[in-house]
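Residues per chain are reported as follows:
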Amino acid sequence: MKERKPSGEKQYANATAWLASQSLEQYAGQWIAYTPSGIIARNISLAKLMEEVAKSGIEQTPVYLRVPEGAVIT
Amino acid sequence: MLNVVFQYNEKRFYSIAMIDSGADYSLLRLDVAKEGLGIPIEELEVMDGPLGISGKQLKVVEVQIEMGIVRNGILVWKDWLPFRVPIDPESQPAQILIGRDPFFYFFRIDFRMGFTKDEELGKFILYPEEKRRQPNRYIKPPSVDIK
């Protein structure tokens, strides 16, 4: 039986669980793209970040987050 | 923070938004609108937006975007919401903000503390708004003249 790729929403849940365990202080002020496996790329520009993600050839749907400056998301 | 997915035409953008009960309207960052969703901002009519932190009048465009809420891997809600996008790159919100109108007509929102051992952390709880009060039954409280 062919393995089905999880939906974007399902991947999102796993990515959110991954994010909750991370400290993102080092990325403050930057955009990050992440999946359940971790951060794929980071950049201060969302456009450049999306280009990097496209070039990486990753099949999973990444979540994009701009990490706030002066605050840590938990 | 709210796990959201935005859709505009065929483009989807998964991100995290912040519920802001102090904001009249929802605000989307310019980079998310242009690069993330491919919205032709230049073609939209510019209008006056809210006052920025510095007190400067923000110029914004308004756009309808389909927003979904993702919870435990399931799309639990989806609807069209108006978002205002500040057009000045120097006056961007730090995050995507979900303001009161119209989101708070769809959900009753509590902010509750004591969910974690961290005293600074609270949690938003969203309930679908099902039994809305009738606006015509509202009685404005009398003003109190304090001398």
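Reading the values: the criteria
Residues numbered from 1 in each chain as written. Chains lettered and ligands numbered in written order. Predicted model: local features only at pLDDT ≥ 70, side-chain atom pairs only at ≥ 80, totals over all residues. Heavy atoms only, no water. Helix = DSSP H or I, 4+ residues; strand = E, 2+ residues; numbered from the N terminus. Buried < 20%, exposed > 50% of the residue type's maximum accessible area, 1.4 Å probe, protein only. Contact = heavy atoms within 4.5 Å. pLDDT = per-residue confidence, 0-100. Salt bridge = Lys/Arg side-chain N within 4 Å of Asp/Glu carboxyl O. Polar contact = N/O pair within 3.5 Å; in protein donor to acceptor, adjacent residues only side chain to side chain. Core = buried A, V, L, I, M, F, W, Y, C linked by side-chain atoms within 4.5 Å.

1. Structural notes on the overall build of chain A
Phase 1 of the analysis: Within chain A, the regular secondary structure consists of two helices and three strands.
Phase 2 of the analysis: Along chain A, from the amino end to the carboxyl end, the secondary structure elements read α-β-β-α-β.
Phase 3 of the analysis: Classification of the 74 residues of chain A by burial places 42% in the buried group.
Phase 4 of the analysis: Relative to all contacts within chain A whose residues are 6 or more apart in sequence, the contacts with residues 24 or more apart total 42%.

2. Structural notes on the confidence of the model for chain B
Residue and element names in this part refer to chain B.
Phase 1 of the analysis: Looking at chain B as a whole, its pLDDT mean stands at 89, while 97% of the residues score no less than 70.
Phase 2 of the analysis: Within chain B, helix 1 (residues 30–36) carries the highest mean pLDDT (96), whereas strand 4 (residues 46–51) carries the lowest (84).
Phase 3 of the analysis: Interface confidence for the predicted complex, expressed as ipTM, amounts to 0.80; the pTM equals 0.81.

3. So, the interface of chain A and chain B
Often, the extent of an interface is quoted as the loss of accessible area upon association of its parts.
Phase 1 of the analysis: Taken together, the contact pairs 22 residues of chain A with 22 residues of chain B.
Phase 2 of the analysis: Scanning the region where chain A abuts chain B turns up zero salt bridges.
Phase 3 of the analysis: On inspection of chain A and its partner chain B, the count reaches five residue pairs in polar contact (both at pLDDT 80 or more).
Phase 4 of the analysis: Counting only elements with at least two residues in the side of chain A that touches chain B, the list comes to helix 1 (8–20), strand 1 (31–35), helix 2 (46–56) and strand 3 (63–66) of chain A.

4. Some details on the nonpolar core
All names here are of chain B.
Phase 1 of the analysis: With 36 residues, the main nonpolar core has F6, L28, M67 and F103 as its most contacted residues.
Phase 2 of the analysis: The element that contributes the greatest number of residues to this core is strand 5 (residues 57–71), accounting for five residues.
Phase 3 of the analysis: Sequence-distant contacts of F103, defined by excluding residues within four places in its chain, comprise L2, I19, M67, I69, W77, L81, I98, I109 and L126.

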